[in-house]
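# Structural characterization, general
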Amino acid sequence: MVRGSLILRSRSPNNSILSTQQQRDRFSQAFQTISNKIDQLVAVENKRAESLSTEQACNTYKIEIKGIIDQITQIADLPPHLIESLQNALRTSNIRLTDIRQQAEEGQKQAEDTQIMQNIRNSATKIKTIYLSQAALQELENLQSRFNYPDKFQQLHAEIVQSIQNKIISDRSSLANLRTQLQSVNNLPLHQE
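To start, this report covers the structure provided alongside it. All figures in this text were calculated on a predicted structure; none of them were measured in a lab.

Below, the discussion takes up the overall build of the protein chain. The helix and strand inventory of the protein chain stands at 5 helices and 2 strands. Seen in sequence order, the protein chain has helices and strands lined up from the N terminus as β-β-α-α-α-α-α. Pairs at least 24 residues apart make up 65% of the contacts formed inside the protein chain by residues separated by at least 6 positions. Looking at the protein chain as shown, the accessible area adds up to about 14400 Å², and 51% of this sits on carbon and sulfur atoms.

Here's what the structure looks like:
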């Protein structure tokens, strides 16, 4: 055997190299430092998963986490909780992605409802005759069936419908008055000179 920093075994035909206690201690310290750094990275990535706010951020995050998992699995003897924690972070990012998509869909539906309500308002302003008023009521009924969240606009819709119905009643009353006046004029004696 040779003395020094390396101890050679003479029994092995390949002459294996054994490390000294000091080398093993350094390796252990280095491994512990790397393990701590990875543990910190995992903790940061777990927290980041909860703060993702866009679909693109979620997709990018998932790619990054899968890459970190691939790198970590190449390091032998790391605690298994690190990979489990990263897999949990992936699940969290999938939940956030679902939430983000649902929020976007709800926002889209609310925008559609707002547009429908604007169409209803526009229809209500077009009524100049009884016939157009009745057509507007029919159009309002058709538009109401397209609401995603009908309860949100129920009162406003009812007010517009009532306004149109009142206009129809008023126009019919005015028409009846005009007929009466026209009959009165028709019944007047003609003056002959």
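Looking now at the packing of helix α1 (residues 21–50) against helix α2 (residues 55–72). Contact pair α1 / α2: the axes reach a minimum separation of 12 Å and the direction vectors enclose 160°. With respect to α2, the axis of α1 lies roughly antiparallel. Two packed elements cross with a definite hand, and for α1 against α2 that hand is left-handed. Side by side, α1 and α2 meet where Ile38, Leu41, Val42, Glu45, Asn46, Arg48 and Ala49 of the first sit next to Tyr61, Glu64, Ile65, Ile68 and Ile72 of the second. For the contact of α1 with α2, the residue count by class is 8 nonpolar, 1 polar and 3 charged.

In this fold, threonine 129 is placed in the loop between α3 (80–125) and α4 (130–144). Judged by relative accessible area, which is 36%, threonine 129 ranks as partly exposed. Sequence separation of threonine 129 and lysine 167 is 38 residues, and the distance between their C-alpha atoms is 9.1 Å.

It is worth spelling out the nonpolar core at this point. Buried together is how nonpolar side chains tend to be arranged in soluble globular proteins. Ile38, Val42, Tyr61, Ile65, Ile69, Ile72 and Leu86 are the most contacted members of the largest nonpolar core, which has 18 residues in total. Counting residues per element, the ones that place at least two in this core are α1, α2 and α3. For this core, the leading source of residues is α3, giving 7 residues. With near-sequence residues (within four places) excluded, leucine 86 lies in contact with Val42, Glu45, Ile65, Ile68, Ile69 and Ile72. Counting 13 residues, the second-largest nonpolar core is a separate cluster that includes Met117, Ile120, Ile130 and Ala136.

Our next topic: the pattern of salt bridges. In total, this model carries 6 salt bridges according to the counting rule given. With a shortest N-O distance of 3.1 Å, arginine 101 and glutamate 55 are connected by a salt bridge. Of this pair, arginine 101 sits in helix α3 while glutamate 55 sits in helix α2, and the two are 46 residues apart along the sequence. By relative accessible area, glutamate 55 is classed as partly exposed at 36%. Among the ionic pairs, aspartate 171 bridges to lysine 167, the shortest N-O distance being 3.0 Å. Highlighted residues: aspartate 171 and lysine 167, both in helix α5 (residues 150–186), separated by 4 residues, approximately one helical turn. Judged by its relative accessible area of 27%, lysine 167 falls in the partly exposed class.

The first and last C-alpha atoms of α2 sit 26 Å apart over 18 residues, in line with the 26 Å expected at 1.5 Å per residue. Cys58, Tyr61, Lys62, Ile65, Ile68, Ile69 and Ile72 are the residues of α2 that are buried. Down the axis of α2, the buried side of the element spans an arc of 130°, and every buried residue falls inside it. Away from the buried face of α2 by more than 90 degrees, exposed residues Gln56, Ile63 and Gln71 are located.

Quick notes on the rules
Here, residues in each chain are numbered from 1, in the same order as that chain's written sequence. Totals for whole chains, interfaces and linings use all residues, but because this is a predicted model, local features are given only for residues with pLDDT of at least 70 and pairs of side-chain atoms are given and counted only at 80 or more. Note that water and hydrogens are dropped before the side-chain values are worked out from all heavy atoms of the structure. The way it works is that DSSP assigns letters per residue, a run of H or I at least four long becomes a helix, a run of E at least two long becomes a strand, and they are numbered from the N terminus. Residues are treated as being in contact if the distance between any of their heavy atoms lies within 4.5 Å. To be clear on the numbers: accessible area is Shrake-Rupley with a 1.4 Å probe, and residue cover counts the displayed protein chains and nothing else. Fitted lines through C-alpha atoms give the axes, limited to the stretch in contact for helices. The angle between two N-to-C directions lies from 0 to 180 degrees. By definition in this entry, angles of less than 35 degrees are roughly parallel, angles greater than 145 are roughly antiparallel, angles of 65 to 115 are roughly perpendicular, and the rest are oblique. Left-handed describes a crossing in which the near helix is turned anticlockwise from the far one by less than a right angle; the clockwise case is right-handed. Any residue outside Ala, Val, Leu, Ile, Met, Phe, Trp, Tyr, Cys, Pro, Asp, Glu, Lys and Arg is labelled polar, Gly included; the first ten of those are nonpolar and the last four are charged. Partly exposed describes any residue whose relative accessible area lies between the buried limit of under 20% and the exposed limit of over 50%, with all areas from a 1.4 Å probe on protein chains only and scaled to the type maximum. By nonpolar core is meant a set of buried Ala, Val, Leu, Ile, Met, Phe, Trp, Tyr and Cys residues that side-chain atoms within 4.5 Å join together. What makes a salt bridge here is a side-chain nitrogen of Lys or Arg within 4 Å of a carboxyl oxygen of Asp or Glu, nothing more. An expected span of 1.5 Å times one less than the residue number is assigned to each helix. Picture the helix axis, draw a direction to every C-beta atom, and the arc is the one those directions span.

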